[in-house]
Amino acid sequence: MSAVNSPSNQKKREEAAEMLKRYRCTSERIPGGWLIKGPKSNFRVSDLAFVLESDLR
């Protein structure tokens, strides 16, 4: 199993999805990762597993 699809990363992705809802952010798949659109700023991540709550504030 690759690290990208590991159960721990899947759990982190699920947590990130919950955080996105909590902070009224949207995510859009783009080449090479994800574009997170938030109320204050937009940023890119390679994997939703790497989104932190501090990023969304």
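Scroll up to find the structure.
First, a word on what this report is: a plain description of the structure on this page. (Residues numbered from 1 in each chain as written. Predicted model: local features only at pLDDT ≥ 70, side-chain atom pairs only at ≥ 80, totals over all residues. Heavy atoms only, no water.)

**Here we look at the sheet that holds strand β3 (residues 42-45)**
Thinking step 1. The antiparallel open sheet is built from 3 strands, whose spatial order is β1-β2-β3. Strands at the two margins of the open sheet, each flanked by one partner only, are β1 (26-30) and β3. Between one strand axis and the next, the sheet turns through 25 degrees on average, direction left out of account.
Thinking step 2. Judged from the 5 bridges that link them, β1 and strand β2 (residues 33-37) form a sheet pairing that is antiparallel. Its bridge partner lying in β2, Ile30 is registered against Gly33. (Pairing = 2+ DSSP bridges. Helix = DSSP H or I, 4+ residues; strand = E, 2+ residues; numbered from the N terminus. Axes fitted to C-alpha atoms, helices over the stretch in contact; angles between N-to-C directions.)

**Considering the pattern of salt bridges**
Thinking step 1. Applying the stated criterion to the full structure yields 3 salt bridges.
Thinking step 2. Here Arg13 makes a salt bridge to Asp47, at a shortest N to O gap of 2.8 Å. In this pair, Arg13 sits in helix α1 (residues 7-22) while Asp47 sits in the loop between β3 and α2 (53-56), placing the two residues 34 residues apart along the sequence. By the burial criterion, Arg13 is buried, and Asp47 matches it.
Thinking step 3. Glu18 is the partner of Lys21 in a salt bridge, and the nearest nitrogen-oxygen pair spans 3.7 Å. On the criterion of helical spacing, the pair formed by Lys21 and Glu18 is a turn pair, its members being 3 residues apart in helix α1.
Thinking step 4. The exposure class assigned to Lys21 is exposed, which follows from its relative accessible area of 60%. (Salt bridge = Lys/Arg side-chain N within 4 Å of Asp/Glu carboxyl O. Buried < 20%, exposed > 50% of the residue type's maximum accessible area, 1.4 Å probe, protein only.)

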